[in-house]
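Working through the structure, step by step
Read off the chains here:
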Amino acid sequence: DTAVSQTPKYLVTQMGNDKSIKCEQNLGHDTMYWYKQDSKKFLKIMFSYNNKELIINETVPNRFSPKSPDKAHLNLHINSLELGDSAVYFCASSLTSGGPGETQYFGPGTRLLVL
Amino acid sequence: AQTVTQSQPEMSVQEAETVTLSCTYDTSENNYYLFWYKQPPSRQMILVIRQEAYKQQNATENRFSVNFQKAAKSFSLKISDSQLGDTAMYFCAFMKGQSNAGKSTFGDGTTLTVKP
């Protein structure tokens, strides 16, 4: 059974378009995250949600808007896509409130390519 | 702010041999956690091992073990009896000890190739 799943796996789109990436976890976790991994493989947190509430919002352009309809889902919507948005986006989840040292479980990633 | 440095962009090892991946970090915190993640070609991020800074004993997980040197702020990963399936990119990560909503800082990664 897939623990943390993301759709789509690959996304190729034109500059200026709006796109969404979906994430679902069936682990019963309370906290979910979005990470961005750029072309140099550098992995950086973007957002985290705990029980549908935003907890972490790093310095991310406001073209990126996470949406959490329930605690099992955290979707990432990106407006007016730019070339620099090309990256692999990882969703992750953790059991409670992202407390000290809590293990995060990652999804398979979504490779976004903006042309 | 915390920083995590992995000084070896690429490494290779012969199957069945042992390899050590290095990681150093910089922090003023006393209570924190350290992780090693594996990212195979499938891109999945998989937790390999974790270490609590307050524990002196080095964490081990089957063929994977760490050498945690708190004073030196060093956290190396040793892979024994390397297998072809260990080929992947390995990331070292740091997390503060107090609740910070799970925010982790990752190193740039080390690409490990296990050769037959």
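See the structure shown above.
The notes below deal with the structure included here. (Residues numbered from 1 in each chain as written. Chains lettered and ligands numbered in written order. Predicted model: local features only at pLDDT ≥ 70, side-chain atom pairs only at ≥ 80, totals over all residues. Heavy atoms only, no water.)

1. A short note on the interface of chain A and chain B
Spelled out, the test is: The contact criterion used is simple: two residues touch if any of their non-hydrogen atoms lie within 4.5 Å. Throughout, the accessible surface (probe 1.4 Å) given up by two parts as they are put together, summed over both, is called the buried area. Any Lys or Arg side-chain nitrogen found within 4 Å of a carboxyl oxygen on Asp or Glu counts as a salt bridge. Pairing of N or O atoms within 3.5 Å defines a polar contact, subject to two protein rules: one partner must be a possible hydrogen donor and the other a possible acceptor, and residues neighboring in sequence count only if both atoms are side-chain atoms. Every helix listed is a DSSP run of H or I at least four residues long, and every strand listed is a run of E at least two residues long, numbered separately from the N terminus.
Residue-level contacts link 30 residues of chain A with 24 residues of chain B. Buried area between chain A and chain B, summed over both chains or domains, comes out near 2,000 Å², and the portion from carbon and sulfur atoms is 52%. Taken together, the connections running from chain A to chain B amount to 0 salt bridges. For the pair chain A and chain B, the interface holds 2 residue pairs in polar contact (both at pLDDT 80 or more). Elements represented by at least two residues in the side of chain A that touches chain B include exactly β4 (31–37), β5 (43–50), β6 (53–57), β9 (87–94) and β11 (110–114) of chain A.

2. Here's the deal with the pattern of salt bridges
Pairing is possible between side chains of opposite charge, provided their charged atoms come close. Worth spelling out the cut-off: Think of it in three bands: with a 1.4 Å probe and only protein chains considered, a residue is buried below 20% of the maximum accessible area for its type, exposed above 50%, and partly exposed in between.
Taken as a whole and assessed by the stated rule, the structure comprises 7 salt bridges over all chains. Residue Glu52(B) is joined to Lys55(B) by a salt bridge in which the shortest nitrogen-to-oxygen separation is 4.0 Å. Its relative accessible area of 39% is what places Lys55(B) among the partly exposed residues. Among the salt bridges present, the one from Arg63(B) reaches Asp86(B), with a minimum N-O distance of 2.8 Å. Taken together, the residues Arg63(B) in the loop between β7 (60–61) and β8 (64–69) and Asp86(B) in the loop between β9 (74–79) and β10 (88–96) connect sequence positions 23 residues apart. Summarising the burial analysis for this pair, Arg63(B) and Asp86(B) share the class buried. Residues participating in the shared-partner salt-bridge network are Arg63(A), Glu82(A) and Asp85(A).

3. Observations concerning unusual backbone geometry
Here Thr7(A) and Pro8(A) are connected by a cis peptide whose omega angle stands at -5°. You will see that Asn62(B), though not glycine, has its phi angle at about 55°, which is positive. Looking at where Asn62(B) falls in the secondary structure, it is placed in the loop between β7 and β8.

4. Comments concerning the state of the cysteines
Residues and elements named next belong to chain B. Put simply, the rule is: What counts as a disulfide here is a pair of cysteine sulfur atoms lying within 2.5 Å.
This structure, assessed with the given rule, holds 2 disulfides over all chains. Note on cysteine connectivity: Cys23 is disulfide-linked to Cys92, with sulfurs 2.0 Å apart. Across the disulfide from Cys23 to Cys92, rotation about the S-S bond amounts to roughly -70°, and the bridge is consequently left-handed. In this pair, Cys23 sits in the loop between β3 (19–21) and β4 (24–26) while Cys92 sits in strand β10, placing the two residues 69 residues apart along the sequence.

5. Some thoughts on the sheet that holds strand β1 (residues 4–7) of chain A
Two orientations exist for strands paired in a sheet by backbone hydrogen bonds: parallel and antiparallel. All names here are of chain A. In plain terms, the rule: Here, a strand pair is defined by DSSP locating no fewer than two bridges between the strands. Helix axes use the C-alpha atoms of the stretch in contact, all axes being lines fitted to C-alpha atoms, and the angles between their N-to-C directions lie in the range 0 to 180 degrees.
One open sheet accounts for 4 strands, arranged β1-β3-β8-β7; its pairing is antiparallel. On the outer flanks of this sheet lie β1 and β7 (64–70), each paired with one strand and no other. With strand direction ignored, the average angle separating the axes of adjacent strands in the sheet is 20°. Relative to strand β3 (residues 19–25), β1 is paired through 4 bridges, and the arrangement is antiparallel. Bridge pairing in β3 places Gln6 opposite Cys23.

6. Remarks on the packing of aromatic side chains
Operational definition: Between the rings of Phe, Tyr and Trp (Trp by its six-membered ring), a pair exists once the centres lie within 6.5 Å; its type follows the angle of the planes, with under 30 degrees stacked, over 60 edge-to-face, and the other angles tilted.
A complete count under the given rule lists 15 aromatic pairs over all chains for this structure. Aromatic side chains Tyr25(B) and Phe94(B) sit 6.1 Å apart centroid to centroid with 35° between the ring planes, which places their arrangement in the tilted category. Separated by 69 residues along the polypeptide, Tyr25(B) in strand β4 and Phe94(B) in strand β10 bring together distant segments of the chain. Here Tyr25(B) matches Phe94(B) in class, with each residue buried. Ring plane angle 80° and centroid distance 6.5 Å describe the contact between Phe91(B) and Phe106(B), whose orientation is recorded as edge-to-face. You can see Phe91(B) sitting in strand β10 and its partner Phe106(B) sitting in strand β11 (residues 104–106), a full 15 residues away along the chain. Take Phe106(B): its relative accessible area is 2%, and that puts it in the buried class. Put simply, the rings of Tyr33(A), Tyr35(A), Phe90(A), Phe106(A), Phe35(B), Tyr37(B), Phe91(B) and Phe106(B) touch in pairs and so form one group of aromatic residues.

The values are spatial; any link to function lies outside them.
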